[in-house]
Amino acid sequence: MKAIEIKNLSKSFGKKKVLNDISLSIDRGRIVGLLGKNGMGKSTLIKIINDLLTPDSGEVLVYGKSVGVESKLRISYLPERCALDKGMTVKKVIKFYSDFYGNFDSSKAMKLLHDLDLDAEQKISKMSKGMQEKLQLALVLSREADIYILDEPLGGVDPATRDYILDTILSNFKEGATVIISTHIISDIERILDNVVFIHKGEIILTSDTDELRSSENASIDEIFRRTFRC
Amino acid sequence: MFSPDNNSPIYLQIAEKIKSDIVSGELSPGARLPSVRDLALKLKVNPNTVQKALAELEMRGLLFTERTNGKFVTHDTGLIISIKNDYAKNIAESFLSSMEKLGFSNDEAINYLSNLGGEKN
């Protein structure tokens, strides 16, 4: 059984077609990069997988079942924008998460916060954008999930912290779990990807094993991406 | 420290690095390799990529698996020597072909090399 199976998915906002008949299946235990320029449908697709948006047509199966309560337990999701109550302290957010999610590991969260140099007593509103992103990532990785979906996890952080975040992802996702990372910053992230999916104007234009693509095109994924989407 | 680049298949770069460590003796026959997860963290790549590299080496007989203990370097020193010879042959051939481009005949190139050896000593 596939981790995620997407069948003929379409979604429009008003007259604008954001996803156009997308089909894609993702095997368990893989780290998959969902790559595309801004505004090409990555976040919309991710929101539909997380049952936060309803598609106009088509369906998404998570472990063979339609999305819903069960898939929300299986998937740990890092949204593109900070979704935390800014008035809370870090400690309070952790309490909130552990009350809310049965599979949340508070001690792991505390350890990650310590590793990421975050202060448990601090209010979220007092944190920089980069710190907020690190906190959200720590929370997402502290859930014992089958699937981790990270929407632009590197957006607001500097290159040095990017390496650190990639290491944190690599060393903390549950063994055998599936990871989907959407990004337009490719060079920093491509070495950890098993598969890549190129998404453009609401359509999937390429899916491949990462090393096979490097080998057939004789170039890095970053280079191939730039070639494909040159303006 | 070794770090794979993004321009060619990463699993092949990792396999090549381990192979050259075996040939150079950095990894001796019978030595135990770190776990897949540890190697992945050290090289900052995906565990599946490391797994693929090790499988490649195992297929060529350079590594073997002991069911519960992990992966080890082969005891077959004959195989290691034959790979070493392949490496040496490649280096020698590429030297000769580069020298040929500079206008040296094979004999002149070999002569040059032995004189260089004399200078070094």
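From a predicted model like this one, the values you see are computed outputs, not experimental measurements. (Residues numbered from 1 in each chain as written. Chains lettered and ligands numbered in written order. Predicted model: local features only at pLDDT ≥ 70, side-chain atom pairs only at ≥ 80, totals over all residues. Heavy atoms only, no water.)

Here's the deal with the pairing of strand 2 (residues 70-73) of chain B
Residues and elements named next belong to chain B. Sheet topology places strand 1 (residues 63-66) next to strand 2; 4 bridges connect them, and they run antiparallel. What sits directly across from Glu66, in strand 2, is Gly70. Where strand 1 hands over to strand 2, the hairpin turn is made up of 3 residues, counted between the paired strands. (Pairing = 2+ DSSP bridges. Helix = DSSP H or I, 4+ residues; strand = E, 2+ residues; numbered from the N terminus.)

A look at helix 2 (residues 36-43) of chain B
Inspection of helix 2 of chain B places Val36, Leu39, Ala40 and Leu43 of chain B among the buried residues, and these make up the whole buried set. Summarising the axial view, the buried residues of helix 2 of chain B lie within an arc of 100 degrees, below the 170-degree limit, and thus occupy one face. Buried residues along helix 2 of chain B sit against helix 6 (159-172) of chain A together with helix 1 (10-24) and helix 3 (47-59) of chain B. Lys44 of chain B sits one or two positions beyond helix 2 of chain B and adopts a positive phi of about 60 degrees. (Buried < 20%, exposed > 50% of the residue type's maximum accessible area, 1.4 Å probe, protein only. Arc of directions from axis to C-beta. Contact = heavy atoms within 4.5 Å.)

A word on the pattern of salt bridges
All names here are of chain A. For the coordinates displayed, the defined rule picks out 27 salt bridges over all chains. In this structure, Glu59 and Lys7 form a salt bridge, with 4.0 Å as the shortest nitrogen-oxygen distance. Of the two residues, Glu59 sits in strand 4 (residues 57-62) while Lys7 sits in strand 1 (residues 4-13), which places them 52 residues apart along the sequence. Across the pair Lys129 and Glu133 runs a salt bridge, and its minimum N-O distance is 3.7 Å. Here Glu133 and Lys129 lie together in helix 5 (residues 129-141), a separation of 4 residues that amounts to about one turn. Through salt bridges that share partners, Lys65, Glu70, Arg74 and Asp146 make up one connected network. (Salt bridge = Lys/Arg side-chain N within 4 Å of Asp/Glu carboxyl O.)

Overview of the environment of Asn38 of chain A
Residues and elements named next belong to chain A. Relative to the helices and strands, Asn38 is located in the loop between strand 3 (31-35) and helix 1 (42-49). Taking relative accessible area as the criterion, Asn38 reaches 56% and is therefore assigned exposed. Apart from the residues lying within four places of it in its own chain, the contact partners of Asn38 are Glu152 and His184. Of note is the side chain of Asn38, whose polar atom sits 3.4 Å from the side chain of His184. (Polar contact = N/O pair within 3.5 Å; in protein donor to acceptor, adjacent residues only side chain to side chain.)

Quick notes on the sheet that holds strand 3 of chain A
All names here are of chain A. The 6 strands are arranged 6-7-8-3-9-10 in an open sheet whose pairing can be described as mixed. For this open sheet the edge positions go to strand 6 (75-78) and strand 10 (203-209), each flanked by a neighbour on one side alone. Averaged over all pairs of adjacent strands, the angle between strand axes in this sheet comes to 15 degrees, irrespective of strand direction. Here 4 bridges tie strand 3 to strand 9 (residues 195-200), and the two strands are oriented parallel to one another. Residue pairing in the sheet places Leu35 in a bridge with Phe198 of strand 9. Relative to strand 6, helix 5 is tilted by about 175 degrees, and along the sheet it contacts strand 6 and strand 7 (147-151). (Axes fitted to C-alpha atoms, helices over the stretch in contact; angles between N-to-C directions.)

Focus: the domain arrangement of chain B
All names here are of chain B. Partitioning chain B into domains gives domain 1 (10-75) and domain 2 (78-120). Each of domain 1 and domain 2 has a C-alpha centre, and these two points are 29 Å apart. With 10 residues of domain 1 at the interface, the matching set in domain 2 holds 5 residues. For the pairing of domain 1 and domain 2, the buried interface totals around 640 Å² over both sides, and the portion due to carbon and sulfur atoms is 76%. By the criterion of area lost to domain 2, the three top residues of domain 1 are Lys19, Val23 and Leu62, representing 58% of everything that side buries. Where domain 1 touches domain 2, the interface holds 1 residue pair in polar contact (both at pLDDT 80 or more). For the side of domain 1 that touches domain 2, the per-class residue count stands at 4 nonpolar, 3 polar and 3 charged. (Domains from an automatic or database assignment. Buried area = accessible area lost by both parts, 1.4 Å probe. Nonpolar A, V, L, I, M, F, W, Y, C, P; charged D, E, K, R; others polar.)

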